[in-house]
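A structural walkthrough
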Amino acid sequence: MSAAVLRHLLSLYVVNLLLPLLLSAASHEAKAPAVSKRVKSTPLSARLQLMKLKQRAAGEKSIAESERLYLQVILPRGSAHRTCPLFISKLWTVGRAIDYTAAAAGVKNSNNLTTAQKLQLFSAADGRRFASDVTCEQTCELKNGGTVILEYSARDCSQLEDWHDYVVLAE
């Protein structure tokens, strides 16, 4: 063998022998801080969450794709499940959306009776109640991929007091 080939083989041997040792020493010296596994709030992650929601969502198949509003619904306390992914028509009133959501999630709905507690829809962002006589499209806070809270409350309730607790429990 020529001297050049021997030098080349020797250098490969040294690199293969020493490189792992050098890399492990460098990794011990400059350990990167642990990165949080929590999903960051970026437009890309929001689109991924919407895609996942669309895969799991239940709803009336007769609703045209262009009319669908996909929501993650946090169900009332004491329900069998915490959340229910579904889609509704953005042309429905909020009252109709409440009725459909209750039926789809198996939640008792006595809104047609004059009882003290009424099933209502609240914003998960600030706990405000959505008016039941406007369409979902007219309600600016209802967005595709959004989260809402379905809960029993007094008829005159305009804000859910402990709305933070619902959002924490749903995560």
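Structure first, text after, so check above.
To start, this report covers the structure provided alongside it. By convention here, each chain's residues receive numbers from 1 onward along its written sequence. A pLDDT threshold of at least 70 governs which residues receive local features in this predicted model, and a stricter bar of 80 or more applies before side-chain atom pairs are shown or counted, although totals over entire chains, interfaces and linings include all residues. Excluding hydrogens and water, the side-chain figures rest on all heavy atoms present in the structure.

**What about the sheet that holds strand E4 (residues 146-154)?**
- Note: two strands are recorded as paired if DSSP finds a minimum of 2 bridges between them. Numbering of helices and strands runs from the N terminus, with a helix taken as a DSSP run of H or I at least four residues long and a strand as a DSSP run of E at least two residues long. What the 4 strands build is an open sheet, ordered E2-E1-E4-E3; its pairing is mixed. The sheet is open, and its two borders are formed by strand E2 (83-89) and strand E3 (117-123), each paired with just one other strand. Pairwise comparison of adjacent strand axes, ignoring direction, gives a mean angle of 35° for this sheet.
- Strand direction decides the pairing type here: strand E1 (residues 68-74) and E4, joined by 4 bridges, are parallel. Note that in E4 the partner of Leu71 across the bridge is Gly146.
- Residues count as neighbours in contact if any of their non-hydrogen atoms are within 4.5 Å of one another. Here an angle of 0 to 180 degrees is reported between the N-to-C directions of two axes, which are lines fitted to C-alpha atoms, with helices fitted over the stretch in contact. Sitting on the sheet, helix H2 (residues 43-56) touches E1 and E2, and the angle it makes with E1 is about 90°.
- Along the sheet face, helix H3 (residues 94-105) touches E1, E2, E3 and E4 and points at about 135° away from the line of E2.

**A word on the pattern of salt bridges**
- For salt bridges, the criterion is a side-chain nitrogen of Lys or Arg within 4 Å of an Asp or Glu carboxyl oxygen. Summed over the entire model, instances satisfying the criterion amount to 5 salt bridges.
- For Arg68, the salt bridge identified is with Glu65, shortest N-O distance 3.0 Å.
- A relative accessible area of 13% places Arg68 in the buried class.
- A salt bridge links Arg77 to Asp162; the nearest nitrogen and oxygen atoms lie 2.8 Å apart. Of this pair, Arg77 sits in the loop between E1 and E2 while Asp162 sits in the loop between E4 and helix H4 (163-170), placing them 85 residues apart in sequence. Burial classes: relative accessible area under 20% of the type maximum marks a residue as buried, over 50% as exposed, and values in between as partly exposed (1.4 Å probe, protein chains only).

**Overview of the packing of aromatic side chains**
- Only rings of Phe, Tyr and Trp enter the pairing, Trp through its six-membered ring, and a pair is recorded when the two centres are within 6.5 Å. The plane angle decides the type: under 30 degrees is stacked, over 60 is edge-to-face, the rest tilted. Tallied over the entire structure, the rule returns 2 aromatic pairs.
- Ring centres of Tyr70 and Phe87 lie 5.4 Å apart, and the angle between their planes is 50°; on these two criteria the pair is classed as tilted. With a gap of 17 residues between them, Tyr70 in strand E1 and Phe87 in strand E2 connect regions that are remote in the sequence. The residues Tyr70 and Phe87 share a single accessibility class, namely buried.

**Some points on H3**
- For H3, built from 12 residues, the straight-helix expectation of 16 Å at 1.5 Å per residue is met to within 8% by its first-to-last C-alpha distance of 16 Å.
- Of the positions making up H3, those classed as buried are Val94, Gly95, Ala97, Ile98, Tyr100, Thr101 and Ala102.
- Of the residues one or two after H3, Gly106 is the one with positive phi, at around 75°. A helix's residues, less one, multiplied by 1.5 Å, set its expected span.

**Section: a nonpolar patch on the surface**
- A cluster of nonpolar side chains, namely Leu44, Leu48 and Met51, defines an oily patch on the protein surface of about 300 Å² accessible area.
- The residue Leu44 is located in helix H2 in this model.
- Relative accessible area serves as the criterion here: at 51%, Leu44 is assigned to the exposed category. Exposure above 30% relative accessible area and no salt bridge define the residues that can form patches, which grow by joining like charges within 9 Å and nonpolar side chains of Val, Leu, Ile, Met, Phe, Trp and Tyr within 5 Å. Methods summary: accessible areas were calculated by the Shrake-Rupley approach with a probe of 1.4 Å, and residue burial reflects only the protein chains presented.

**Things to note about the pairing of E3**
- Burial analysis of E3 places 5 of its 7 residues in the buried class, which makes it a mostly covered element.
- Taken together, the 7 bridges between E3 and E4 define a ladder with antiparallel strand orientation. Bridge assignment links Gln117 to a residue of E4, and that residue is Ala154.

**Overview of the nonpolar core**
- Counting 27 residues, the largest nonpolar core has Ile88 and Leu142 as the members making the most contacts within it.
- Elements represented by at least two residues in this core include exactly H2, E1, E2, H3, E3 and E4.
- Here this core gets 5 residues from one element, more than from any other, and that element is H3.
- If we ignore the near neighbours within four places in the chain, the residues touching Leu142 are Leu69, Leu71, Val94, Phe130, Cys136 and Val148. Nonpolar cores are built from buried Ala, Val, Leu, Ile, Met, Phe, Trp, Tyr and Cys residues. Side-chain atoms within 4.5 Å join them into one set.

Such coordinate-based values are descriptive only and should not be taken to indicate function.
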